[in-house]
Amino acid sequence: SQQGEEDPQALSIQEGENATMNCSYKTSINNLQWYRQNSGRGLVHLILIRSNEREKHSGRLRVTLDTSKKSSSLLITASRAADTASYFCATDGAAGNKLTFGGGTRVLVKP
Amino acid sequence: EPEVTQTPSHQVTQMGQEVILRCVPISNHLYFYWYRQILGQKVEFLVSFYNNEISEKSEIFDDQFSVERPDGSNFTLKIRSTKLEDSAMYFCASQDGFREKLFFGSGTQLSVL
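Notes on the structure follow. (Residues numbered from 1 in each chain as written. Chains lettered and ligands numbered in written order. Predicted model: local features only at pLDDT ≥ 70, side-chain atom pairs only at ≥ 80, totals over all residues. Heavy atoms only, no water.)

Quick notes on the state of the cysteines
Scanning the entire structure with this criterion turns up two disulfides over all chains. With its sulfur 2.0 Å from that of its partner, Cys23(A) forms a disulfide with Cys89(A). Taking the torsion about the sulfur-sulfur bond, which here is approximately 65°, the covalent link between Cys23(A) and Cys89(A) counts as right-handed. Linking Cys23(A) in strand S3 (residues 19-24) with Cys89(A) in strand S9 (residues 85-91), this pair joins segments that are 66 residues apart in sequence. Comparing Cys23(A) with Cys89(A), the two get one shared label, buried. Bridging Cys23(B) to Cys92(B), the disulfide has an S-S length of 1.9 Å. Residues Cys23(B) and Cys92(B) are joined by a disulfide whose S-S torsion is about -60°; by sign, that bridge is left-handed. Of this pair, Cys23(B) sits in strand S3 (residues 19-24) while Cys92(B) sits in strand S9 (residues 88-95), and the two are 69 residues apart along the sequence. Both residues of the pair, Cys23(B) and Cys92(B), count as buried. (Disulfide = S-S within 2.5 Å. Helix = DSSP H or I, 4+ residues; strand = E, 2+ residues; numbered from the N terminus. Buried < 20%, exposed > 50% of the residue type's maximum accessible area, 1.4 Å probe, protein only.)

Following this line, the structure appears as structure tokens:
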């Protein structure tokens, strides 16, 4: 698989439920970031977790990072219809500054 | 909150024509990027720009592509001779520090006919 692959590709849940999506990557990273994209719009940064961190919270978002497994998860608690979007993980490399994005998870939150 | 602005929002062009996509990054940011996203596919890195020069580019960014920051505020992507496969949403992004978060514009939807 390529750097930054999300799983599942699509997720459909009811409002109020939690949504969990995972990201796997292949090479060493300095940080991993999660972004959200509403249909046809630009990406919006959600959270950045550094390689020496294991968990981070921001509002209803919880991100974990396991560098030994080269994986991360994004949990959205108490989802709302407005959380409907695609969610992407992005990793930097050992050198350089560019972010490499995964294929994304499309989340549909049904009211 | 400051934002990255991109113009135009939509661009339709004929194959072989030159297009220039424009971006105004956030004013005190130092790093600038172009990414593209073909419909339904992942966001692909094209090029990064720092200190008035390209710092990294992908295989997609061939001789048909160029970037400029002509006046300290605008950041442009030029495609010299467009191909059908260049049809995509092009995103500009800027960053205020090394390995920090990216701020994306709303994108330019390029359609090559």
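Having seen the structure, we can now continue with the description.
Let's talk about the pairing of strand S6 (residues 53-57) of chain B
Residues and elements named next belong to chain B. Two elements, strand S5 (residues 43-50) and S6, share four bridges in a ladder whose sense is antiparallel. Within S6, the residue paired with Ser48 across the bridge is Glu56. The loop that links S5 with its antiparallel partner S6 comprises two residues; one of these, Asn51, has a positive phi angle of about 55°. (Pairing = 2+ DSSP bridges.)

Some points on the pairing of strand S2 (residues 10-14) of chain A
All names here are of chain A. Residues of S2 alternate between two faces, with Leu11 and Ile13 buried on one and Ala10, Ser12 and Gln14 left unburied on the opposite face. The pairing of S2 with strand S11 (residues 105-110) spans five bridges and is parallel. Counted as the bridge partner of Leu11 is Val107 from S11.

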